[in-house]
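What the coordinates show
As a plain string of letters, each chain reads:
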Amino acid sequence: MTHRTRPPSRVCASCDGFASAAVTLGGRDRHGHLRTITAHCTACDGTGLVRRNRTAREGARA
């Protein structure tokens, strides 16, 4: 019996699947922790996958 496989997910071309990155602002706070911010890919909104556009179906139903 063959196993069903899932189709491969489509990885974002802009970020290659690495959708979020921690960027150091430089320096440390008073507790000694690095100050960082999280930057997200703008093409995929931080998911790492290509968004599929779903078209709205319009019909004349009465």
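Being a predicted model, the structure only gives us computed values, none of them experimental.

Quick notes on the overall build of the chain
Helix and strand counts for the chain stand at zero helices and two strands. The 62 residues of the chain split such that 10% are buried. When contacts within the chain are restricted to residue pairs at least 6 apart in sequence, long-range pairs at least 24 apart make up 44% of them.

What about the pairing of strand S2 (residues 34-40)?
The pairing of strand S1 (residues 20-28) with S2 spans six bridges and is classified as antiparallel. Its bridge partner being in S2, Val23 is matched across the sheet by Ile37. Counting the residues in the hairpin turn of S1 and S2 gives five residues, including Gly32, whose phi is positive at 90°.

Description of the environment of Cys15
Checked against the element boundaries, Cys15 lands in the segment before S1. For the pair Cys15 and Ala43, spaced 28 residues apart in the sequence, the C-alpha separation amounts to 8.2 Å. Apart from residues lying up to four places away in sequence, Cys15 is in contact with Cys41, Cys44 and Gly48.

What about unusual backbone geometry?
For Asp16, which is not glycine, the phi torsion reads 55° and is therefore positive. Along the chain, the position of Asp16 falls in the segment before S1. We classify Asp16 as exposed; its relative accessible area is 57%. Non-glycine residue Asp45 carries a positive phi angle of around 60°. Along the chain, Asp45 falls in the segment after S2.

The rules behind the values
- Residues numbered from 1 in each chain as written.
- Predicted model: local features only at pLDDT ≥ 70, side-chain atom pairs only at ≥ 80, totals over all residues.
- Heavy atoms only, no water.
- Helix = DSSP H or I, 4+ residues; strand = E, 2+ residues; numbered from the N terminus.
- Buried < 20%, exposed > 50% of the residue type's maximum accessible area, 1.4 Å probe, protein only.
- Contact = heavy atoms within 4.5 Å.
- Pairing = 2+ DSSP bridges.

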